Amino acid sequence: MTGESPATCLVVDDSRTVRKAARRILEKLGFTVAEAGDGAEALTACRSSMPQVVLLDWNMPVMDGLEFLRAARAGFGPDHPIVVLCTTEAAMEKIVEALGAGAQEYVMKPFDEGILRDKFVQVGLLRDEAA
């Protein structure tokens, strides 16, 4: 990770179990983690303290991941925060839609530490240990 302070990640998922699992993995990777249960909570959290990265579920009540992504890009610009969409949506048109809306990366559920580490290396938040 760049800089001395730990990187920050907002985990956004309507499942408390998924948030807890992601938190455990991300804290092990050195991130400071905050959580939100839907896109509206996530927007509020970003306005009060912008995370470096958002691990974002697609299918949620109140405001889904794509709605959050579009609102975040409109409000905060194309690069902040980095968004890694995390979902069960596997259809190629869904992936293209998410990337077109401004997500930097895409992770399929279920994920594990290796998958998240690889994606966070790809978006420049972690160093590649193999390099």
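Our subject is the structure that appears above.
Analysis parameters
Residues numbered from 1 in each chain as written. Predicted model: local features only at pLDDT ≥ 70, side-chain atom pairs only at ≥ 80, totals over all residues. Heavy atoms only, no water. Helix = DSSP H or I, 4+ residues; strand = E, 2+ residues; numbered from the N terminus. Rg over C-alpha atoms; globule rule 2.2 N^0.38 Å. Buried < 20%, exposed > 50% of the residue type's maximum accessible area, 1.4 Å probe, protein only. Patch = residues over 30% accessible without salt bridge, like charges linked within 9 Å, V, L, I, M, F, W, Y side chains within 5 Å. Areas by Shrake-Rupley, 256 points an atom, 1.4 Å probe, with all protein chains shown as cover. Salt bridge = Lys/Arg side-chain N within 4 Å of Asp/Glu carboxyl O. Lys, Arg positive; Asp, Glu negative; His and termini not counted. Charge placed at Lys NZ, Arg CZ, Asp CG, Glu CD. Contact = heavy atoms within 4.5 Å. Phe/Tyr/Trp six-rings, centres within 6.5 Å; stacked < 30°, edge-to-face > 60°. Polar contact = N/O pair within 3.5 Å; in protein donor to acceptor, adjacent residues only side chain to side chain. Core = buried A, V, L, I, M, F, W, Y, C linked by side-chain atoms within 4.5 Å.

Next up on the list: the overall build of the protein. A count of helical and extended segments in the protein gives 5 helices and 5 strands. Its helices and strands taken in sequence order, the protein reads β-α-β-α-β-α-β-α-β-α from the N to the C terminus. For a compact globule of 131 residues, the expected C-alpha radius of gyration is about 14 Å, and the protein comes in at 13 Å, within 12% of that figure. Taking the principal axes of the C-alpha coordinates as reference, the protein spans close to 35 × 35 × 30 Å. Across the 131 residues of the protein, 45% fall into the buried class.

Once that is clear, we can look at a negative patch on the surface. On the surface, a cluster of negative charge is contributed by Asp112, Asp118, Asp128 and Glu129. Here Asp128 lies in the segment after helix H5 (113-122). Residue classification places Asp128 among the partly exposed residues on the basis of a relative accessible area of 43%.

Relative to the helices and strands, Ala45 is located in helix H2 (residues 39-48). On the basis of relative accessible area, Ala45 is assigned to the partly exposed category, the value being 22%. Beyond its immediate stretch of four places on either side in the chain, Ala45 contacts Leu10 and Met50.

The tally for this structure, following the rule as stated, stands at 1 aromatic pair. Summarising the aromatic geometry, the rings of Phe31 and Phe120 are spaced 5.2 Å apart at their centres and angled 85° between planes, so their arrangement reads as edge-to-face. Here the residue Phe31 occupies a position in the loop between helix H1 (16-28) and strand E2 (32-36), and Phe120 occupies one in helix H5, the gap between them amounting to 89 residues. A residue is classified by how much of its surface remains accessible, and Phe31, at 4% relative accessible area, is buried.

Right, let's get into the side chain of Asp13. The residue Asp13 is located in the loop between strand E1 (8-12) and H1 in this model. On the accessibility criterion, Asp13 (3% relative accessible area) is buried. Reaching out from Asp13, the side chain makes a polar contact with the side chain of Lys109 at a distance of 2.7 Å. Discounting residues that sit within four places of it in the chain, Asp13 has contacts with Val18, Arg19, Ala36, Gly37, Asp57, Met60 and Lys109.

If you look at the biggest cluster of nonpolar residues, it comprises 22 residues, and the most contacted ones within it are Leu10, Val12, Val54, Leu56, Phe68, Leu69 and Leu85. If you list the elements that add at least two residues to this core, you get E1, H2, strand E3 (53-57), helix H3 (65-76), strand E4 (82-87) and helix H4 (92-101). Examining the composition of this core, we find that 4 residues originate from one element, H3, more than from any other. Beyond its immediate stretch of four places on either side in the chain, Leu69 contacts Leu56, Val83, Ala98, Ala101, Gly102 and Ala103. Listed in part, the 21 residues of the second largest apolar core include Ala7, Cys86, Val123 and Leu125.

Take the environment of Glu89 next. Within the secondary structure layout, Glu89 lies in the loop between E4 and H4. For Glu89, the contacting residues outside a window of four places in its chain are Trp58, Asn59, Lys94, Ile95, Tyr106 and Met108.

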